[in-house]
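# Coordinates in review
Given next are the chains, with one letter for each unit.
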Amino acid sequence: MSEKQINIERFMHACTGLIEGKYNEAGEGIRNVLAAIASNHALVEMFTAVVHGFDYAQARGQYLRFPADKGSAHGAAFLPPERDRLVAFVFCLLVDIDGGAILLDDFLLRYFYVDGSYTASFSVFAERVIRPFRDIVGDCFPSAGEANGAFGHFAELLSAERTRIGRYALREEEKDAAELLLSRLFDASARLDSGEIGALMVGYRYLLRYFGGEDASTEELFRATSEL
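A few points on the structure. The numbers attached to residues start from 1 for each chain and follow its sequence in the written order. Two thresholds apply to this predicted model, a pLDDT of at least 70 for residue-level local features and 80 or more for giving and counting side-chain atom pairs, whereas whole-chain, interface and lining totals are computed over all residues. Here the side-chain values reflect all heavy atoms present in the structure, with hydrogen atoms and water set aside.

### Concerning the packing of aromatic side chains
What counts is decided by this rule: Note on aromatic pairs: the rings of Phe, Tyr and Trp (six-membered ring only in Trp) are paired at centre separations within 6.5 Å, and the planes decide the class, stacked below 30 degrees, edge-to-face beyond 60, tilted for the rest. Working definition: helices are DSSP H or I runs of at least four residues, strands are E runs of at least two. Numbering for both runs from the N terminus. The buried label goes to any residue with under 20% of its type's maximum accessible area, the exposed label to any with over 50%, and the partly exposed label to all in between, with areas taken from a 1.4 Å probe on protein chains only. In this scheme, Lys NZ or Arg CZ marks a charge over a ring once it lies within 6 Å of the ring centre and within 35 degrees of the ring normal.
One pass over the structure, following the stated rule, counts 13 aromatic pairs. Measuring from centroid to centroid gives 6.0 Å for Phe 11 and Phe 133, while their planes differ by 70°, and the two rings are edge-to-face. Here Phe 11, found in helix H1 (residues 3-20), pairs with Phe 133, found in helix H7 (residues 118-139); they are 122 residues apart in sequence, far enough to count as distant. Relative accessible area serves as the criterion here: at 0%, Phe 11 is assigned to the buried category. Feature note: the residues Phe 107, Tyr 111, Phe 112, Phe 122 and Phe 125 constitute an aromatic cluster, connected by ring pairs. A cation sits over an aromatic face here: Arg 65 above Phe 78, 4.5 Å from the ring centre. Geometry around Phe 222 places Arg 205 over its ring, the cationic atom sitting 3.8 Å from the centre.

Structure representation (structure tokens):
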């Protein structure tokens, strides 16, 4: 795989990590996406082209709307129908969120409100905004934009592992250790960093053995690690 392909895969995995990650990890997830863009010459050229001449202020007014009822605190978010404008719009939103011009908590509850829950609102935002953004960019690089190789499989297994671990009646320090390791593994997967994943998985195996948490699914996870 060429360096260009690896860098596109890194962007795709960063987006996938943001989509599948937790609300409280969103800030770091957005930084990973923007860093993956900034470190890739092909993506820098692409985003420079789509942002050129794009009126972001006008787009915000057009696609982030409040209802006619001024008493309501909740509006609605839409995306431009044109693929290039959608990519430009979402990119600018992510830059604003990362830079603090848009406060993520307020943004989620204002435009993606679900029962007052930041977690549920973030899930809607990720599916409606980040997923199409990722897929459109991936379509522009068909030979390198498929995020379903070994790292994609590993990320899917990590998601299942997080759910599995949640079923154990662990002590607080054990829960914290498991969550820390799994979060770092998600981050390393988004960066396609097989070396860090290998090191983290050594610690994760010891943690599982400490509280008797190994089973057939963990063996699949470790086999996937060896394929990275």
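### Points about the pattern of salt bridges
For clarity, the threshold we go by: For salt bridges, the criterion is a side-chain nitrogen of Lys or Arg within 4 Å of an Asp or Glu carboxyl oxygen.
According to the stated counting rule, one finds 15 salt bridges in the structure shown. Between Arg 85 and Glu 82 there is a salt bridge; the shortest N-O distance is 3.4 Å. Taking the relative accessible area as the measure of exposure, Arg 85 reaches 22% and is therefore partly exposed. Through salt bridges that share partners, Lys 22, Glu 25, Arg 162 and Glu 179 make up one connected network.

### Comments concerning the environment of Met 12
Summarising the element assignment, Met 12 is placed in helix H1. Each C-alpha atom of the pair Met 12 and Gly 152 lies 9.4 Å from the other, and the pair is 140 residues apart in sequence.

### Some points on the side chain of Arg 162
Which entries qualify depends on this criterion: Counting of polar contacts relies on pairs of N or O atoms within 3.5 Å, with two restrictions inside protein: one atom must be capable of donating a hydrogen and the other of accepting it, and residues adjacent in sequence are counted only when both atoms are side-chain atoms.
Considering the arrangement of structural elements, one finds Arg 162 in helix H8 (residues 150-165). Its relative accessible area of 14% is what places Arg 162 among the buried residues. Looking at Arg 162, its side chain comes within polar contact range of the side chain of Glu 179, at 2.7 Å. Polar contacts involving the side chain of Arg 162 include one to the side chain of Ser 183, which spans 3.3 Å.

### What about the packing of H8 against helix H9 (residues 172-190)?
Put simply, the test is: Only C-alpha atoms enter the line fits that serve as axes; for helices the fit covers just the stretch in contact. Angles between N-to-C directions range over 0 to 180 degrees. Angles are sorted into four bins: roughly parallel if under 35 degrees, roughly antiparallel if over 145, roughly perpendicular if 65 to 115, and oblique for all others. By definition, any crossing whose near helix is turned counterclockwise from its far helix by less than a right angle is left-handed, and any crossing with a clockwise turn is right-handed. Here, two residues are considered to be in contact whenever any of their heavy atoms come within 4.5 Å of each other. Following the grouping adopted for this structure description, the nonpolar residues are Ala, Val, Leu, Ile, Met, Phe, Trp, Tyr, Cys and Pro, the charged ones are Asp, Glu, Lys and Arg, and the polar ones are all others, Gly among them.
Put simply, H8 and H9 touch, their axes get as near as 10 Å, and they point 165° apart. With respect to their mutual orientation, H8 and H9 come out roughly antiparallel. Crossing angle aside, the handedness with which H8 passes H9 is left-handed. Together, Phe 151, Phe 154, Ala 155, Leu 158, Ser 159, Glu 161, Arg 162 and Ile 165 of H8 and Ala 178, Glu 179, Leu 182, Ser 183, Leu 185, Phe 186 and Ser 189 of H9 make up the contact between the two elements. Looking at the contact of H8 with H9, its residues break down into nine nonpolar, three polar and three charged.

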